[in-house]
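Structure assessment
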Amino acid sequence: MFSRKVLSIAVAALGLTVSAHAAPKRYLVQFKSEATFQAMSQRLSSVTPFNAVEGSEVRLFGSNAAVKETLPNIKMIVVESEDAMTIESLRAHPAIGLVEEEYFHPAPEPIATRGASLAAVGIRAKKKAMDVPWGITAVKAPQAWKVTRGTSARVLVLDTGADQSHPALAGRIEAVRNFTGGAATDVSDQVGHGSHVSGTILANGAAGGLVGVAPEARELVGKVCTEQGCSSIAIAQGLDWAVSQHVDVVNMSLGGPFMSQGEATAVQNAENS
């Protein structure tokens, strides 16, 4: 069994150590220079075998802040710590530009209860012909369909998940990832909002229902919201995944009083990529 004594490793300049201490709060961390981030990432890779030791964690700059994940595409890391003084010391570190505590945007308004799959994506099978909603007409999607209906476009929806069994979405979803905890492939939609958004984007008029903006596009689903809200770190993780998947569009129909500096940085870095 692994004892609770601290394992120390001499990692030049970046001061990474390995400890058995757990931490409850999560933070997004950005370095002032990309060179420092890349050096840190390489150092983390060099100590990966220590993570296989039960209870061990990689620590940042010798502090008690545990490095939980590296987000290489948006050049940020996720750390955990229960010590406010440690976090303040990291904020003052000359190599660090941002340390931002995880927070939650308000959860999207529920669209339908789970199981009400037809309502969940705004599909109504009232007639055999496709029903084009007013919003689709307002953005002049029918005119755009003369050029393309979204064929080959890959859209990542970061939201509350999606009802993959819905006929309008079945066979249209290319990949899924859950960033809210639990099974990585569990993107079940308890709120209905993500399913509704998915239908707005790519519903194809199945069963005589509504049609979306890009009815021939394909979707990737990133679950970043639950009934409790949308995690700023989950959103950053979703944006990092977006870059690695080389998607064409990221849709985030999420609301809140403001966008944090960490989220703004994640969005900009994703855009730059």
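Described below are features of the structure shown in this document.

About the criteria used
Residues numbered from 1 in each chain as written. Predicted model: local features only at pLDDT ≥ 70, side-chain atom pairs only at ≥ 80, totals over all residues. Heavy atoms only, no water. Pairing = 2+ DSSP bridges. Helix = DSSP H or I, 4+ residues; strand = E, 2+ residues; numbered from the N terminus. Axes fitted to C-alpha atoms, helices over the stretch in contact; angles between N-to-C directions. Contact = heavy atoms within 4.5 Å. Expected span 1.5 Å × (residues − 1). Phe/Tyr/Trp six-rings, centres within 6.5 Å; stacked < 30°, edge-to-face > 60°. Buried < 20%, exposed > 50% of the residue type's maximum accessible area, 1.4 Å probe, protein only. Lys NZ or Arg CZ within 6 Å of the ring centre and 35° of its normal. Patch = residues over 30% accessible without salt bridge, like charges linked within 9 Å, V, L, I, M, F, W, Y side chains within 5 Å. Areas by Shrake-Rupley, 256 points an atom, 1.4 Å probe, with all protein chains shown as cover. Salt bridge = Lys/Arg side-chain N within 4 Å of Asp/Glu carboxyl O. Polar contact = N/O pair within 3.5 Å; in protein donor to acceptor, adjacent residues only side chain to side chain.

Let's shift gears to the sheet that holds strand β9 (residues 173–178). Read from one edge of the open sheet, 4 strands run β9-β10-β8-β13, paired in parallel fashion. The open sheet terminates on both sides in strands that have one partner only, identified here as β9 and β13 (249–251). Each strand of the sheet is rotated relative to its neighbour by a mean of 20°, with strand direction disregarded. Here 5 bridges tie β9 to strand β10 (residues 218–223), and the two strands are oriented parallel to one another. Among the inter-strand pairings, V176 is bridged to a residue of β10, identified as V221. Strands in contact with helix α6 (residues 193–202) are β8 (154–159), β10 and β13; relative to β8, the strand with the most contacts, it is inclined by about 155°.

Turning our attention to helix α1 (residues 34–46). Relative to the 18 Å expected for 13 residues at 1.5 Å per residue, α1 spans 19 Å between its end C-alpha atoms, a close match to the ideal helical length. Close packing links the buried residues of α1 with β2 (25–31), β3 (57–59), β4 (66–71) and β5 (76–81).

Moving on, we get to the packing of aromatic side chains. Per the counting criterion, the structure on display carries 3 aromatic pairs. Judged by centre distance (6.2 Å) and plane angle (70°), the rings of F31 and F61 are edge-to-face. Of this pair, F31 sits in strand β2 while F61 sits in the loop between β3 and β4; the two residues are 30 residues apart in sequence, bridging distant segments of the chain. Under the relative-accessibility criterion, F31 is labelled buried at 5%. Taken together, a centroid distance of 5.4 Å and an interplanar angle of 15° make the contact between Y103 and F258 stacked. Linking Y103 in the loop between β6 (96–101) and β7 (104–105) with F258 in the loop between β13 and α8 (261–272), this pair joins segments that are 155 residues apart in sequence. Judged by relative accessible area, which is 17%, Y103 ranks as buried. Between R149 and the ring centre of W145, over which it is positioned, the NZ or CZ distance is 5.0 Å.

Further remarks concern a nonpolar patch on the surface. Taken together, V250, M252, M259 and V267 make up a surface patch of nonpolar side chains, about 290 Å² in accessible area. Mapped onto the secondary structure, M252 falls in the loop between β13 and α8.

In this fold, H166 is placed in the loop between β8 and β9. Within the structure, H166 has its side chain in polar contact with the backbone nitrogen of A168 (distance 2.9 Å).

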